[in-house]
Amino acid sequence: MPKKGKARLIRGRRYTALAKTKRKKVAKQKYVRIRKKKVVLRCQNFSTDLPSILGADPKELVCMLIKDGVCKGWTGKLCPHCGKRRLGSLEDLSSSSGCVSRDASNVVTPGWRRPFHKCRKRVFPNTLHPIFAKGHGALPLKIQAAALFCAVTDIPQRKAYILLGEDDKPIDRVYNAWRNIAADAAKTEQEKIQLGGQKQWCDAEADEIATKKWLVRVPQAAGRPGVVQKRKNTTASMKKVRKEKFVKKMQWDNWLGLMQRGVHSSLILVRLPSRMSSVRAPGPGPLTKDMWRPIAQKWLTGRKVILHTDSAKAYRLRVQGMKRDRVVHSKKKIGGKWVNPKYVMPATHRLPDGTTLKTLKGTQCIDGLWKHLRAQIKDIHAQGNLESRI
């Protein structure tokens, strides 16, 4: 019988037509079982745009910043210098600080002051501001506001100073101030997050990520890296001063993430202790039980959570009010055969009240968040900053 061609098409028709078999109907299972009733759209609506900021008048720009809550309106507030009298309304004041334009030595800047009083100090929009700088050498308020808009809209820092036509140092100062304020706000909001704790059991995912690595030199003594050999304080040993040998190690900055499925605002980031490995190691190594125990006791004890993780052994720790399943993210040799990884698999859990609950195990939700996190950290490290705050 021919294997291909028109003859195969004609003569092989009665051999290839097989009887149809009925497939068993399997109920489709949702990956995210519980969703928030109120769905927040992913698109963000901004009250202004970059051309409006760069083309606004000084007074119009200040009113825009006050309306959006970026700057504080000092009308009717106590003077920050003397603290005795209240300031008047917004007016045009003469300033030589270059707040609006760096070309003129004496320009008109919107601000506040208390007339007919001993303290006649002026208050400007960038006075005591955590992001906007003031004084000689500072960028105009318009450029600083545009740089802040670029930071909020997720424009990379290495491209912002090219778009604005400014030096990279003052733009870097605005970006760093914005990151520090956002990190402090996220740290405050994170303490209010609670995973689970509802009447029904919910799904949560946990995973760790390495965000940064750098080479370090560690002293080596007697073939043991990281141990400094003690020298005897004798004249003979002082004469024979031996140079200490150093070995190169890779130091890692890693974090652990916890998140409830379907609720992106429930992301919890915990910084893990920095660890060292060999230079060519692919990562800092798996999570240890000493690292995982305090995190699990704080966030998962008695919360009615089904935790989905990878195959790290540290997650085997038993926690009250928590069930756990795992998936394999790499090839494994089982019974002499290599088994391919399975990222999503069905699972059935027996709850304490005797009922069963069917879920899909996997870490797909939190793995999707690492992509956005790596993009932010890549932009931070591109500027040469040693410390990264998430």
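Remember, predicted model here, so these are calculated numbers, not experimental data.

> Just checking my understanding: could you explain the overall build of the protein for this structure?
Assigned secondary structure in the protein consists of ten helices and 13 strands. By the burial criterion, 37% of the 390 residues in the protein qualify as buried. Residue pairs at least 24 apart in sequence account for 60% of intrachain contacts in the protein once pairs closer than 6 positions are excluded.

> Looking at this model, I keep getting lost on unusual backbone geometry. Mind explaining?
Note: most peptide bonds trans; most residues except glycine with negative phi. We note that Leu 128 has phi near 55 degrees; this positive angle belongs to a residue other than glycine. Inspection of the secondary structure assignment puts Leu 128 in the loop between β2 (107-111) and α5 (141-152). By relative accessible area, Leu 128 is classed as exposed at 68%. The residue Lys 304 is not glycine, and still its phi comes out positive at about 55 degrees. Mapped onto the fold, Lys 304 is located in the loop between α9 (289-299) and β8 (305-309).

> Hey, could you run me through the confidence of the model for the protein in this one?
Low pLDDT marks stretches whose predicted atomic positions should not be read closely. Counting all residues, the mean pLDDT for the protein is 81, and 79% of those residues have values of 70 or more. For the stretch residues 222-229, pLDDT sits under 50, and the model shows 15 contacts to residues farther than four places along the chain or on other chains.

> Would you mind showing me how to read the packing of aromatic side chains here?
Two aromatic rings, taken as a pair, are described by how far apart their centres are and by the angle between their planes. One pass over the structure, following the stated rule, counts one aromatic pair. Judged by centre distance (5.0 Å) and plane angle (75 degrees), the rings of Trp 292 and Tyr 315 are edge-to-face. Taken together, the residues span a long stretch of sequence, with Trp 292 in helix α9 and Tyr 315 in the loop between β8 and β9 (322-326) at a distance of 23 residues. Exposure remark for Tyr 315: the relative accessible area of 1% places this residue in the buried category. The residue whose ring lies beneath Lys 72 is Trp 74, and the NZ or CZ to ring-centre distance is 4.3 Å.

> Sorry if this is basic, but what is going on with the environment of Pro 130 here?
With respect to the secondary-structure elements, Pro 130 resides in the loop between β2 and α5. Take Pro 130: its relative accessible area is 58%, and that puts it in the exposed class. The residues touching Pro 130, leaving out its near neighbours within four places in the chain, are Ala 177 and Ile 181.

> Even after reading the chapter, I still don't get the packing of helix α6 (residues 157-164) against helix α7 (residues 168-190), so can you show me in this structure?
Helices that pack against each other are described as a pair by the angle of their axes relative to one another and the distance between those axes. Taken N-terminus to C-terminus, the directions of α6 and α7 make an angle of 130 degrees; their axes are 10 Å apart at the nearest point. If you check the angle between α6 and α7, you find them oblique. Judged by the sense of rotation from one axis to the other, the crossing of α6 with α7 is right-handed. Residues Gln 157, Ala 160, Tyr 161 and Leu 164 of α6 touch α7, and the partners they reach there are Asp 168, Ile 171, Asp 172, Tyr 175 and Arg 179. Tallied by class, the residues present in the contact of α6 with α7 amount to five nonpolar, one polar and three charged.

> How do you make sense of the nonpolar core when you look at a structure like this?
One recurring pattern in soluble globular proteins: nonpolar side chains tend to sit buried together. Judged by nonpolar contacts, the single largest core of 31 residues is most densely connected at Ile 53, Leu 61, Leu 65, Trp 112, Phe 132 and Ile 171. Among the elements that line this core, the one with the most residues is α5, at nine residues. Setting aside residues no more than four positions away along its own chain, Phe 132 makes contact with Leu 65, Val 70, Cys 71, Asn 126, Leu 141, Gln 144, Ala 145 and Leu 148.

> What should I look at first to understand the packing of α5 against α7 in this one?
Two numbers describe how α5 lies on α7: the axes approach to 9 Å, and their chain directions differ by 50 degrees. Viewed along their axes, α5 and α7 adopt a mutual orientation that is oblique. For α5 against α7, the interelement crossing comes out right-handed. Mapping the contact onto sequence places Gln 144, Ala 147, Leu 148, Cys 150, Ala 151 and Val 152 in α5 and Ile 171, Val 174, Tyr 175 and Trp 178 in α7.

> Can you walk me through a positive patch on the surface in this structure?
A cluster of basic residues, Lys 289, Lys 313, Arg 316, Arg 326 and Lys 332, forms a positive patch at the surface. Within the secondary structure layout, Arg 326 lies in strand β9. Classification of Arg 326 as partly exposed rests on a relative accessible area of 39%.

> Can you help me understand the layout of surface pockets in this one?
Empty space among the atoms can be located by rolling a probe the size of a water molecule over them. By volume, the second largest pocket is sized at about 540 Å³. In terms of lining, the second largest pocket is formed by 22 residues, of which the most central are Asp 207, Glu 208, Gly 285, Pro 286 and Asp 310. Elements that contribute at least two residues to the lining of the second largest pocket include exactly β3 (202-221), β5 (245-260) and α10 (364-382). In terms of residue count, the dominant contributor to the lining of the second largest pocket is β3 (four residues). Broken down by class, the residue content of the lining of the second largest pocket amounts to nine nonpolar, six polar and seven charged.

> Explain α5 to me, please; I cannot follow it from the model alone.
With twelve residues, α5 should cover 16 Å at 1.5 Å per step; its first-to-last C-alpha distance of 16 Å lies within 8% of that length. Buried residues dominate α5, accounting for ten of its twelve residues. Listing the buried residues of α5 in full gives Leu 141, Ile 143, Gln 144, Ala 145, Ala 146, Ala 147, Leu 148, Phe 149, Cys 150 and Ala 151. Of the surrounding elements, those touching the buried residues of α5 are α3 (50-54), α4 (58-67), α6 and α7. Phi for Asp 154, located one or two positions after α5, is positive at around 70 degrees.

> So what exactly am I meant to see when it comes to α7 here?
Count 3.6 residues to each turn of an α-helix, and residues three or four apart come out pointing the same way. For α7, which comprises 23 residues, the first-to-last C-alpha distance of 32 Å matches the rise-based estimate of 33 Å (1.5 Å per residue) to within 8%. The complete set of buried residues in α7 reads Pro 170, Ile 171, Asp 172, Val 174, Tyr 175, Ala 177, Arg 179, Ala 183 and Gln 190.

The rules behind these values
Residues numbered from 1 in each chain as written. Predicted model: local features only at pLDDT ≥ 70, side-chain atom pairs only at ≥ 80, totals over all residues. Heavy atoms only, no water. Helix = DSSP H or I, 4+ residues; strand = E, 2+ residues; numbered from the N terminus. Buried < 20%, exposed > 50% of the residue type's maximum accessible area, 1.4 Å probe, protein only. Contact = heavy atoms within 4.5 Å. pLDDT = per-residue confidence, 0-100. Phe/Tyr/Trp six-rings, centres within 6.5 Å; stacked < 30°, edge-to-face > 60°. Lys NZ or Arg CZ within 6 Å of the ring centre and 35° of its normal. Axes fitted to C-alpha atoms, helices over the stretch in contact; angles between N-to-C directions. Parallel < 35°, antiparallel > 145°, perpendicular 65-115°, else oblique. Left-handed = near helix turned anticlockwise from the far one by under 90°. Nonpolar A, V, L, I, M, F, W, Y, C, P; charged D, E, K, R; others polar. Core = buried A, V, L, I, M, F, W, Y, C linked by side-chain atoms within 4.5 Å. Patch = residues over 30% accessible without salt bridge, like charges linked within 9 Å, V, L, I, M, F, W, Y side chains within 5 Å. Areas by Shrake-Rupley, 256 points an atom, 1.4 Å probe, with all protein chains shown as cover. Salt bridge = Lys/Arg side-chain N within 4 Å of Asp/Glu carboxyl O. Lys, Arg positive; Asp, Glu negative; His and termini not counted. Charge placed at Lys NZ, Arg CZ, Asp CG, Glu CD. 1 Å grid on protein atoms, 1.4 Å probe; cavity = no way out; pocket = protein on both sides within 12 Å on 5 of 7 lines; lining within 4 Å. Points joined across faces, edges and corners; volume = space filled by probe spheres on them. Expected span 1.5 Å × (residues − 1).

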